[in-house]
Amino acid sequence: MVFIIPIVIINYKMGIGLNKRLIYALFRMTIQLILVGLFLQYIFILNNPWINSAYIFFMIGAAGISTVKTCGLTMKNQLIPIALGFGVPNFIMILFINQFIIGLDNVFNAQYYIPLMGMLLGNSLSGNIIGINTFYSGLKQNEREYHYRLALSANQWESTLPWYKEAITACMNPMIASVETIGLVSLPGMMTGQILSGSMPMTTIAYQIVIMAGILITRYFGIHFSIILTRRKAFDAYDRLKI
Amino acid sequence: MAYLEFRNIHLKFDERLIFSGFNLAIEQSEKVLFCAPSGRGKTSLVKMLLGFVVPDQGEISVAGVTLTGETVNSIRSKITYVSQDADIPKGIVSEVFAAVFKFQVNRRLNYQETVLSDWLETMSLPQDTLGKNVDALSGGERQRLALILGILLDRDIWILDEITTGLDHTLKIQIVELLLGYDKTILVVSHDDIYLNRGLREVSW
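Residues numbered from 1 in each chain as written. Chains lettered and ligands numbered in written order. Predicted model: local features only at pLDDT ≥ 70, side-chain atom pairs only at ≥ 80, totals over all residues. Heavy atoms only, no water.

Let us now look at the overall build of chain A. Each helix and strand in chain A was counted, giving 9 helices and 0 strands. Helices (α) and strands (β) of chain A occur, in sequence order from the N terminus, as α-α-α-α-α-α-α-α-α. Along the first, second and third principal axes, the C-alpha atoms of chain A reach 65 × 60 × 35 Å. Within chain A, buried positions represent 40% of all 243 residues. Of the contacts made within chain A by residues no fewer than 6 positions apart, 67% connect residues no fewer than 24 positions apart. Surface accessibility of chain A: about 13600 Å² in total, with carbon and sulfur atoms responsible for 70%. (Helix = DSSP H or I, 4+ residues; strand = E, 2+ residues; numbered from the N terminus. Buried < 20%, exposed > 50% of the residue type's maximum accessible area, 1.4 Å probe, protein only. Contact = heavy atoms within 4.5 Å. Areas by Shrake-Rupley, 256 points an atom, 1.4 Å probe, with all protein chains shown as cover.)

See the structure below:
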């Protein structure tokens, strides 16, 4: 924290208007993480499958709200489709990993269930935001071309296909790039954390491979489902984009 | 009932009243020129026919069918729309054409790429246009491709919205004569004198 002081001074002297937000962000992060830490500690001690799952659903809901807000969708119509769209693949994936890959007796064990689901969801979230944004903003920006396709009698699915494909690509590209370079450019956070708390590197690698494959798969299906589910309410009866 | 009908249309656009109680009836195979001054909503009018602009009030019918969310797809499939901007889908021309005829509704047309060669010649387009990317073509070239596509789709109603803008005079005459020779219901949006004295019914408001 001592190193923040020179930053604040430099910003102040040079008139770089970042200080207020910077200090607020650091303060907020500290409080947020302490609260989450306390909360998680409590959840881990209880380790009740229902409470753990309730926490997971809370994460899915929060991620859904974040996507809807960032992409400029309407909360009322699109929150549930979005939350289902990427909640379901992630939920299936976490159960699969816990049951068949790690081989837990209790797949809802907080120690695995919560942090791994957090990683899966976090990645699906960023992928979903990129993909959904690409799809709907692509349609909006190319409205004339989209309408022309409709006029050529493409149905709604056929006429939106170019932007659908673009959305999947945009969603997966950064993921594929990071899978390619992982370990070369930076050690993933999960590995770093495990190593710092005493695990051997080869153990952490095994988990990392599993989680990366899991992330890639859920991100892929998450964006498909999210677009398919949100588009049901994104067009009017004349197939015009409502968003 | 006329073939195409606008009944008591009211439309506001950006808080501006464009149509209030507009009526128009067009018979089958009639050729109509919309020549109202700029800003009077000529393009909005034709877009209403396609369901891209929905009037605040009033009714539109095409071939006896009232335009609604349920009927819009079948009505669109009766209309060919070529606009000034000619927003043909992106990609290699031959692939774009093939893709359009793969849309479910258009599959029955039995499209063969071999027919294109003659059409390119008629429209004064080089034969290698087929291998080019749509993005690499000029506005006038894209317009002519859109016209070929429109003719091949063989629909009953043609909407030609400022299609002569990118063309030189000789080509303009040639294309306008060709298009007006078809036994279709043709709605033309244009200020171009080239359409005058060709037997089109002039509609202004």
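We now examine the sheet that holds strand β5 (residues 65-66) of chain B. Two orientations exist for strands paired in a sheet by backbone hydrogen bonds: parallel and antiparallel. Residues and elements named next belong to chain B. On the basis of which strands lie adjacent, the open sheet formed by 4 strands has the order β2-β1-β4-β5 and antiparallel pairing. Strands with a single pairing partner mark the edges of an open sheet, and in this sheet they are β2 (16-26) and β5. Pairing geometry for strand β4 (residues 57-62) and β5, over 2 bridges, is antiparallel. By the bridge assignment, Ser61 is partnered in β5 with Thr66. Across the sheet, helix α1 (residues 42-49) lies against β1 (4-13), β2 and β4, angled at about 120 degrees from β1, the strand it touches most. (Pairing = 2+ DSSP bridges. Axes fitted to C-alpha atoms, helices over the stretch in contact; angles between N-to-C directions.)

In this section: the sheet that holds strand β9 (residues 201-203) of chain B. Residue and element names in this part refer to chain B. The strand order β6-β7-β8-β3-β9 describes an open sheet built from 5 strands, whose pairing is parallel. Both outer strands of the open sheet, β6 (79-83) and β9, are each paired with one neighbouring strand and no more. Between one strand axis and the next, the sheet turns by 15 degrees as a mean value, whatever way the strands run.

Residues and elements named next belong to chain B. Evaluation of the coordinates by the stated rule reveals 10 salt bridges over all chains. The salt bridge involving Arg7 is made with Glu59; its shortest N-O contact spans 2.6 Å. Of this pair, Arg7 sits in strand β1 while Glu59 sits in strand β4, placing them 52 residues apart in sequence. Judged by its relative accessible area of 36%, Glu59 is partly exposed. (Salt bridge = Lys/Arg side-chain N within 4 Å of Asp/Glu carboxyl O.)

This brings us to the domain arrangement of chain A. Residue and element names in this part refer to chain A. One can read the domain layout of chain A as domain 1 (1-46) and domain 2 (49-233). For domain 1 versus domain 2, the separation of C-alpha centres amounts to 27 Å. Taken together, the contacts link 6 residues of domain 1 with 7 residues of domain 2. Here domain 1 is connected to domain 2 by 0 salt bridges. At the boundary of domain 1 with domain 2, the tally comes to 0 residue pairs in polar contact (both at pLDDT 80 or more). Split into classes, the residues belonging to the side of domain 1 that touches domain 2 amount to 6 nonpolar, no polar and no charged. (Domains from an automatic or database assignment. Polar contact = N/O pair within 3.5 Å; in protein donor to acceptor, adjacent residues only side chain to side chain. Nonpolar A, V, L, I, M, F, W, Y, C, P; charged D, E, K, R; others polar.)

Another point: the interface of chain A and chain B. Residue-level contacts link 17 residues of chain A with 29 residues of chain B. Summed over both partners, the interface of chain A with chain B buries about 2000 Å², with 55% contributed by carbon and sulfur atoms. A per-residue breakdown of the area chain A buries against chain B is headed by Tyr148, Leu152 and Tyr238 of chain A, which together make up 35% of the total. At the boundary of chain A with chain B, the tally comes to 2 salt bridges. Glu145 of chain A is the partner of Lys90 of chain B in a salt bridge, and the nearest nitrogen-oxygen pair spans 2.7 Å. Where chain A meets chain B, there are 9 residue pairs in polar contact (both at pLDDT 80 or more). No other element matches helix α6 (residues 143-151) of chain A, which puts 7 residues into the side of chain A that touches chain B. Along the lines of polarity and charge, the residues of the side of chain A that touches chain B split into 7 nonpolar, 4 polar and 6 charged. (Buried area = accessible area lost by both parts, 1.4 Å probe.)

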